[in-house]
Amino acid sequence: MYLSRFLSIHALWVTVSSVMQPYPLVWGHYDVCKTQIYTEEGKVWDYMACQPESTDMTKYLKVKLDPPDITCGDPPETFCAMGNPYMCNNECDASTPELAHPPELMFDFEGRHPSTFWQSATWKDYPKPLQVNITLSWSKTIELTDNIVITFESGRPDQMILEKSLDYGRTWQPYQYYATDCLDAFHMDPKSVKDLSQHTVLEIICTEEYSTGYMTNSKIIHFEIKDRFAFFAGPWLRNMASLYGQLDTTKKLRDFFTVTDLRIRLLRPAVGEIFVDELHLARYFYAISDIKVHGRCKCNLHATVCVYDNSKLTCECEHNTTGPDCGKCKKNYQGRPWSPGSYLPIPKGTANTCIPSISSIGTNVCDNELLHCQNGGTCHNHARCLCPAAYTGVLCEKRRCEETGGCGARSGQGAPPRGHAALLLLLPLLPLLPPATPTPTAAPFAV
């Protein structure tokens, strides 16, 4: 009886939830910056944390090779097939489109059969090192949301470093080392991401997992973003609230997944043996058919849209913020220091809206349009905001517990989430539901 009545309530709850959009039914979407709600003061804006959707970021990057003349084909040269390193009748010729392998083919949609790829010159100058830097630049801060995947058309390198920059290429930090022998190449013990934990997730490791040499079935190198997320969100990333909580409170963790540029340093091509075969140097080169980088523009939780105009990415800022990353308050909205939005409390976060400067407010402290009371506060005679017990400030913008430093993981959340209030509205309907029909006893099931 109780189960049947609960299911009836649940069905009604789903119906109510469907009209409560744009609030997401799944925690952690953050795909809406504001919505209008009705209060005793009338219709007002309710602001929340927001961010752009994750997308393929290779559509917006610029690529640079160093040395710039390292791409094969000028002059034309022959190289050996990947599957048969002694079949050396393949040709690279930059002047012939069908035989050219320029760097933009690392990011195309594989339109040419059998596959399209960038390729370096061969190791004809051995024993001089064959080394290449591939720099991917966005001229914008982005947040990585999925694994970086590099697909090689040659053998995977014997030695490689993936690096990141947070200052548009002025300085670089290693992201991960790759080698067939980590101890020999980088004086590091080999590890995999599976060897890490929540406490060591920021450790820079060297892995031998992706460095087998000249094998036709071994083409891909990963930098595992999702496996690192899983330390906080669980193996299927179902507990995103936990991950967002960690990102919200740990700047080093947030910065770890944030980049302006990536650099792939190819240090030694796939040899596949202990010694280099100096009689067949056309066997050794680098070739990359695809690079995948998924992420989103970093807008500091103040925008859901990132526009690409004149070869430049820019956030369309909300919350009275401005700048390419929504990193400062607009003019006349500097009533308190700028702050990024917060993922907490789940599910809508905290907008941390820039508020009007005192000089621009005058006697009109609040209204129902721009000078709105936040966090459930109500405007009284346009002169002051009446704040819930958990909030304070001119516009109820500040959690009261912050004044004492006592904000815990669940403190300062004010009124219960809107979903709880809607559920309470359903309770009077419970007696109106038809009585439940007895059903046969069923086996227990997991919820």
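Below is a short write-up of the structure.

Criteria and cut-off values
Residues numbered from 1 in each chain as written. Predicted model: local features only at pLDDT ≥ 70, side-chain atom pairs only at ≥ 80, totals over all residues. Heavy atoms only, no water. Helix = DSSP H or I, 4+ residues; strand = E, 2+ residues; numbered from the N terminus. Buried < 20%, exposed > 50% of the residue type's maximum accessible area, 1.4 Å probe, protein only. Contact = heavy atoms within 4.5 Å. Areas by Shrake-Rupley, 256 points an atom, 1.4 Å probe, with all protein chains shown as cover. 1 Å grid on protein atoms, 1.4 Å probe; cavity = no way out; pocket = protein on both sides within 12 Å on 5 of 7 lines; lining within 4 Å. Points joined across faces, edges and corners; volume = space filled by probe spheres on them. Nonpolar A, V, L, I, M, F, W, Y, C, P; charged D, E, K, R; others polar. Salt bridge = Lys/Arg side-chain N within 4 Å of Asp/Glu carboxyl O. Arc of directions from axis to C-beta. Axes fitted to C-alpha atoms, helices over the stretch in contact; angles between N-to-C directions. Parallel < 35°, antiparallel > 145°, perpendicular 65-115°, else oblique. Disulfide = S-S within 2.5 Å. Pairing = 2+ DSSP bridges.

## Focus on the overall build of the protein chain
So, point 1. A tally of helices and strands in the protein chain yields 7 helices and 24 strands.
So, point 2. Expressed as a percentage of its 447 residues, the buried residues of the protein chain come to 45%.
So, point 3. For the protein chain, the share of sequence-separated contacts (at least 6 apart) that also reach a separation of at least 24 residues comes to 63%.
So, point 4. Of the roughly 23700 Å² of accessible surface on the protein chain, 56% is carried by carbon and sulfur atoms.

## So, helix α4 (residues 240-249)
Turn by turn, an α-helix covers 3.6 residues, leaving residues three or four places apart pointing in a common direction.
So, point 1. All of the buried residues in α4 are Ala241, Leu243, Tyr244, Gly245 and Leu247.
So, point 2. Next to the buried residues of α4 lie α3 (226-233) and α5 (251-256).

## Regarding the layout of surface pockets
So, point 1. Estimated volume of the second largest pocket: approximately 350 Å³.
So, point 2. Forming the walls of the second largest pocket are 19 residues, and the residues nearest its centre are Ile70, Ala121, Lys124, Asp125 and Leu130.
So, point 3. Counted by class, the lining of the second largest pocket contains 9 nonpolar, 4 polar and 6 charged residues.

## Describing the environment of Lys194
So, point 1. Within the secondary structure, Lys194 sits in the loop between α2 (182-186) and β12 (206-207).
So, point 2. A residue is classified by how much of its surface remains accessible, and Lys194, at 65% relative accessible area, is exposed.
So, point 3. C-alpha of Lys194 to C-alpha of Phe231: the two residues are 37 residues apart in sequence and 9.8 Å apart in space.

## Focus on the pattern of salt bridges
So, point 1. Within the structure shown, the criterion is met by 14 salt bridges.
So, point 2. Salt bridges here are not isolated pairs; linked through shared partners, they connect Glu163, Arg263 and Arg265.

## Regarding α3
So, point 1. Taken together, the buried positions of α3 are occupied by Arg228, Phe229, Phe232 and Ala233. All buried residues of α3 fall inside an arc of 130° around its axis, so they share one side.
So, point 2. Of the surrounding elements, those touching the buried residues of α3 are β8 (132-144), β11 (173-179), β13 (220-223), α4 and α5.
So, point 3. Backbone geometry just downstream of α3 places Gly234 in the positive-phi region, at approximately 90°.

## What about the packing of α3 against α4?
So, point 1. Relative to each other, α3 and α4 sit at 100°, their axes nearing to 7 Å. The angle between α3 and α4 places the two elements in the roughly perpendicular class. Note on element contacts: α4 touches α3 through Met240, Ser242, Leu243 and Gln246, opposite Phe229, Phe232 and Ala233.
So, point 2. Residues that form the contact of α3 with α4 fall into these classes: 5 nonpolar, 2 polar and no charged.

## Quick look at the state of the cysteines
So, point 1. All chains considered together, the criterion is met by 10 disulfides.
So, point 2. Between Cys329 and Cys354 runs a disulfide, and the two sulfur atoms are separated by 2.0 Å. Its S-S torsion of about -75° marks the bond between Cys329 and Cys354 as left-handed, since a negative value means left-handed. On the criterion of sequence distance, the pair formed by Cys329 in strand β20 (residues 328-329) and Cys354 in the loop between β20 and α6 (358-361) is long-range, its members being 25 residues apart.

## Some details on the side chain of Thr135
So, point 1. Secondary-structure assignment places Thr135 in strand β8.
So, point 2. Discounting residues that sit within four places of it in the chain, Thr135 has contacts with Lys62, Val63, Lys64, Trp172, Leu262 and Arg263.

## Concerning the pairing of strand β18 (residues 312-315)
So, point 1. Every second residue of β18 is oriented toward a common face, the buried set being Leu313 and Cys315 and the non-buried set Lys312 and Thr314.
So, point 2. Inspection of the sheet shows strand β17 (residues 306-309) paired to β18 by 4 bridges, in the antiparallel sense. Residue pairing in the sheet places Val307 in a bridge with Thr314 of β18.

## As for the sheet that holds β13
So, point 1. The sheet built from 4 strands is open, its strands ordered β7-β15-β9-β13 with antiparallel pairing. The open sheet terminates on both sides in strands that have one partner only, identified here as β7 (118-119) and β13.
So, point 2. Sheet analysis places strand β9 (residues 148-152) next to strand β15 (residues 287-292), joined by 4 bridges and oriented antiparallel. Looking at the pairing, Thr151 lines up with Asp290 of β15.

Spatial relationships are all this shows, so hold off on functional conclusions.
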